[in-house]
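# Structural description and commentary
Take a look at the letters that make up each chain.
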Amino acid sequence: MMKSVGDAFTPAYLPILERRKDHEFNEQQRDFQLHRRGRYVEFNLVFDRGTHFGLQSGLGRTESILMSLPPEVRWTYEYHVEADSDEAKLTEYFLTSKDWLWV
């Protein structure tokens, strides 16, 4: 199964890249991207058990762990997306907590 998934990834993903590679983005979209990256960093540093183990055990190299994080992020106090924007729709439908067991 894993080989099939790996073999199917490139043929599935390349058309998406081709279609999207020249799309322009605005400052609001970039801001949202950097904010989401910040949430990823927060998750890794606060909640991820592997990252915790590496940092607390002394067995992991701090530089290696931190280098795996995005190079640019943004933390904004009380960050809110603009109402009715694509970012608001994405947040409402996909970036909220869900009890996936009962969906």
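A few points on the structure. (Residues numbered from 1 in each chain as written. Predicted model: local features only at pLDDT ≥ 70, side-chain atom pairs only at ≥ 80, totals over all residues. Heavy atoms only, no water.)

### Structural notes on the overall build of the chain
Here is the rule we go by: Helix and strand definitions follow DSSP, with helices as H or I runs of at least four residues and strands as E runs of at least two, each counted in order from the N terminus. Every radius of gyration here is taken over C-alpha atoms, with the globule rule written as 2.2 Å times N^0.38, N being the number of residues. For every residue, the accessible area obtained with a 1.4 Å probe (protein chains only) is divided by the maximum for its type, and the residue is called buried under 20%, exposed over 50%, and partly exposed between those limits. It only takes one pair of heavy atoms within 4.5 Å for two residues to be counted as in contact. Shrake-Rupley sampling with a 1.4 Å probe provides the accessible areas, and residues are treated as covered by the protein chains on show and by no other component. Here Asp and Glu are counted as negative and Lys and Arg as positive; His is not counted, and neither are the chain ends. Where a charge lies is defined by one atom per residue type: Lys uses NZ, Arg uses CZ, Asp uses CG and Glu uses CD.
Secondary structure summary: the chain contains 5 helices and 0 strands in total. Counting from the amino terminus, helix and strand elements in the chain follow one another as α-α-α-α-α. Taking 103 residues into account, the globule formula puts the C-alpha radius of gyration at 13 Å, and the chain, at 18 Å, lies well above it. C-alpha atoms of the chain, sized along the principal axes, occupy 45 × 45 × 35 Å. Counting the 103 residues in the chain, one finds 15% classified as buried. Counted over contacts in the chain with a minimum sequence separation of 6, partners at least 24 positions apart contribute 66%. Accessible area of the chain: about 9100 Å², with a carbon and sulfur share of 58%. Across the chain, the mean location of the 13 positive side-chain charges is 6 Å away from that of the 17 negative side-chain charges.

### Description of the side chain of Arg 30
For the record, the criterion: Here a polar contact is recorded for every N or O atom pair within 3.5 Å, except that within protein the pair must consist of a potential hydrogen donor and a potential acceptor, and residues adjacent in sequence are included only if both atoms are side-chain atoms.
Position of Arg 30 relative to the elements: it lies in helix H2 (residues 27-46). Separated by 2.5 Å, the side chains of Arg 30 and Gln 33 make a polar contact. Side chain to side chain, Arg 30 and Glu 72 meet in a polar contact 3.0 Å long. Discounting residues that sit within four places of it in the chain, Arg 30 has contacts with Phe 25, Arg 37 and Glu 72.

### Thoughts on the packing of H2 against helix H5 (residues 86-93)
Under the convention used in this document: Only the contacting stretch of a helix is used when fitting its axis, a line to C-alpha atoms as for every element, and angles between N-to-C directions run 0 to 180 degrees. Note on angle classes: values under 35 degrees are labelled roughly parallel, values over 145 roughly antiparallel, values of 65 to 115 roughly perpendicular, and the remainder oblique. Each residue is assigned to one class: nonpolar for Ala, Val, Leu, Ile, Met, Phe, Trp, Tyr, Cys and Pro, charged for Asp, Glu, Lys and Arg, and polar for all the others, Gly among them.
Orientation of H2 relative to H5, taken along the N-to-C sense of each, is 30 degrees, at an axis distance of 10 Å. Taken together, H2 and H5 sit at an angle that is classed as roughly parallel. From H2, Gln 28, Gln 29 and Phe 32 reach across to H5, where they touch Glu 87, Leu 90 and Thr 91. Of the residues in the contact of H2 with H5, the class split is 2 nonpolar, 3 polar and 1 charged.

### Things to note about the packing of aromatic side chains
Rules: For this analysis, a ring pair means two rings from Phe, Tyr or Trp (six-membered ring only for Trp) whose centres lie within 6.5 Å, classed as stacked if their planes differ by under 30 degrees, edge-to-face if by over 60, and tilted for the remaining angles.
Counted by the stated rule, this structure contains 2 aromatic pairs. When the ring of Phe 9 is compared with that of Tyr 13, the centres are 5.2 Å apart and the planes differ by 25 degrees; the resulting orientation is stacked. Placement of both Phe 9 and Tyr 13 in helix H1 (residues 2-20) is noted, with a separation of 4 residues, approximately one turn of the helix.

### Description of the pattern of salt bridges
Threshold: Basic side-chain nitrogens of Lys or Arg form a salt bridge, by our definition, when they fall within 4 Å of a carboxyl oxygen of Asp or Glu.
Counted by the stated rule, this structure contains 5 salt bridges. Asp 7 is the partner of Lys 3 in a salt bridge, and the nearest nitrogen-oxygen pair spans 3.0 Å. Within this pair, Lys 3 and its partner Asp 7 are both found in helix H1, separated by 4 residues, close to a single helical turn. We classify Asp 7 as partly exposed; its relative accessible area is 48%. The shortest N-O distance in the salt bridge between Glu 72 and Arg 30 comes to 3.0 Å. Of this pair, Glu 72 sits in the loop between helix H4 (62-67) and H5 while Arg 30 sits in helix H2, and the two are 42 residues apart along the sequence.

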